[in-house]
Amino acid sequence: MSRIIALFNQAGGVGKTSLVNQLGYMIACCKRLDVKTKKRSKKKGDYYQVLVVDMDPQASLTIFMGLDPYELDKTIYHAILQDEPLPIHKGIYAQTQQEDGTPGVDLVPANLGLALAERELMSAVMSDFRLREALLPVQEQYDFILIDCPPSLGNLAYISLVAATHVWYQFNLSTKHLMECSSYLTRLNWCGHVQTGILRSPDLYQHV
Ligand SMILES: Nc1ncnc2c1ncn2[C@@H]1O[C@H](COP(=O)(O)OP(=O)(O)O)[C@@H](O)[C@H]1O
Ligand SMILES: [Mg+2]
């Protein structure tokens with residue numbers, strides 16, 4: 001079953017994008033783990049399949065992963081607001097020159113055009129489920145889908161949380177950020193996540 005993890009904080013500069021980039025790469029370098037025997041697969045090419053989704057119009061993740069946002073014809077915007085298939089850029093960081101090379105990370109990019117979505121989502125039909133629906137056709141192809149949320153409590157963050165099976169709340173250890181946790185918990189409650197529990201990072205590592 002695919003795990004869809006939203007990296008979320010309403011604040012910017014807490015390391016969400018860096019973590020999506022690095023965690024995506026690290027997971028994609030891991031061979032599948034047999035949870036019962038705790039042993040890694042020895043099969044050639046049996047790596048975890050990872051998709052990362054840039055939901056921030058600032059497109060930092062897209063840039064970190066080597067794409068030029070201004071040259072993109074299609075972004076996540078087209079999938080969530082124009083019902084087009086996800087524009088997936090495959091195999092970033094792939095090491096195919098080696099005999100048992102890693103498949104790399106697949107990316108759904110963003111650019112500034114995604115900023116329009118904040119307003120358009122207000123009047124879109126079934127807007128809350130737009131990202132969840134967009135991911136549905138590819139979900140089973142991936143073990144992990146990581147969503148890089150924008151630093152806001154707007155519609156783009158909201159639909160990311162609705163699409164997620166898990167939420168990773170990334171924050172700096174400061175009084176300000178700890179106090180903001182309460183608004184974060186309210187937000188998760190709206191999206192039905194408190195009932196399903198909050199992800200602690202050891203839980204994730206058990207499965208990678
Ligand atoms: N673990 C870390 N330690 C120190 N600096 C970090 C770490 N992760 C990210 N940064 C730096 O913090 C800044 C903001 O990171 P970023 O991932 O863009 O945050 P966000 O996506 O939450 O806005 C960047 O300059 C980045 O290089
Ligand atoms: Mg970011």
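Procedures and definitions
- Residues numbered from 1 in each chain as written.
- Chains lettered and ligands numbered in written order.
- Predicted model: local features only at pLDDT ≥ 70, side-chain atom pairs only at ≥ 80, totals over all residues.
- Helix = DSSP H or I, 4+ residues; strand = E, 2+ residues; numbered from the N terminus.
- Buried ≥ 20, exposed ≤ 12 C-beta atoms within 10 Å, placed from the backbone.
- Near = placed C-beta within 6 Å.
- Nonpolar A, V, L, I, M, F, W, Y, C, P; charged D, E, K, R; others polar.
- Core = buried A, V, L, I, M, F, W, Y, C linked by C-beta atoms within 7 Å.
- Contact = placed C-beta atoms within 7 Å.
- Pairing = 2+ DSSP bridges.
- Axes fitted to C-alpha atoms, helices over the stretch in contact; angles between N-to-C directions.
- pLDDT = per-residue confidence, 0-100.
- Parallel < 35°, antiparallel > 145°, perpendicular 65-115°, else oblique.

**Details of the overall build of the protein**
Each helix and strand in the protein was counted, giving eight helices and eight strands. Residue burial in the protein is summarised as follows: out of 208 residues, 35% are buried.

**Structural notes on the site of ligand 1**
Near ligand 1 the following residues occur: Gly12, Gly13, Val14, Gly15, Lys16, Thr17, Ser18, Ser60 and Pro151. Considering every element that reaches the shell around ligand 1, the biggest residue donor is helix H1 (residues 16-28), with three residues. Looking at the shell around ligand 1 residue by residue, the class counts come to two nonpolar, six polar and one charged.

**Some details on the nonpolar core**
Judged by nonpolar contacts, the single largest core of 48 residues is most densely connected at Ile5, Ala6, Leu7, Val52, Ile76, Leu146 and Ile147. If sequence neighbours within four positions are ignored, Ile76 has contacts with Val53, Asp54, Met55, Val108, Ala110 and Leu114.

**Details of helix H6 (residues 155-163)**
Counting buried residues along H6, seven of its nine residues qualify, which places the element largely inside the surrounding structure. All buried positions along H6 are accounted for by Asn155, Leu156, Ala157, Ile159, Ser160, Leu161 and Ala163.

**Digging into unusual backbone geometry**
A positive phi angle is found at Ala59, which is not glycine, with a value near 60°. Phi is positive for Asp83, close to 50°, though the residue is something other than glycine. One can find Asp83 in the loop between helix H3 (76-81) and strand E5 (89-92). Asp83 sits in the exposed class, given 10 other C-beta atoms within 10 Å.

**A few points about the environment of Lys16**
For Lys16, the location among the structural elements is in helix H1. Sequence separation of Lys16 and Asp148 is 132 residues, and the distance between their C-alpha atoms is 6.6 Å.

**Quick notes on the sheet that holds strand E8 (residues 166-169)**
If you walk across this open sheet you meet the six strands as E5-E6-E4-E7-E1-E8, and the pairing is mixed. This sheet does not close on itself; its edge strands, each paired only once, are E5 and E8. Neighbour-to-neighbour, the strand axes of this sheet turn through a mean angle of 25°, independent of strand direction. Pairing of strand E1 (residues 3-8) with E8 involves four bridges; the strand directions are parallel. Paired with Phe8 across the two strands is Tyr169, which belongs to E8. Of the strands in this sheet, E1, strand E4 (50-54), strand E6 (105-108) and strand E7 (144-148) touch H1, which is tilted by about 165° from E7. Strands E1, E7 and E8 of the sheet are contacted by H6, whose axis makes an angle of about 150° with E1.

**Regarding the pairing of E7**
With five of five residues buried, E7 lies mostly within the body of the structure. Burial of the side chains of E7 extends over both faces: Phe144, Leu146 and Asp148 are buried on one face and Ile145 and Ile147 on the other. Across five bridges, the pairing between E1 and E7 is parallel. Residue pairing across strands places Ile5 opposite Leu146, the latter belonging to E7. As paired strands, E4 and E7 are joined by five bridges and run parallel to one another.

**Some points on the confidence of the model for the protein**
Within the protein, residue pLDDT values average 87, and 86% of them lie at 70 or more. The model gives residues 194-208 a pLDDT under 50, and that stretch makes ten contacts with residues more than four places away or in other chains.

**Things to note about the packing of helix H4 (residues 115-123) against H6**
As a packed pair, H4 and H6 sit with axes 8 Å apart at the nearest point and diverge in direction by 70°. Accordingly, the angle class assigned to the pair H4 and H6 is roughly perpendicular. Counting all contacts with H4, which are made through Ala117, Glu118, Leu121 and Met122, the residues of H6 involved are Asn155, Leu156 and Ile159. Here the residues of the contact of H4 with H6 are counted per class, giving five nonpolar, one polar and one charged.

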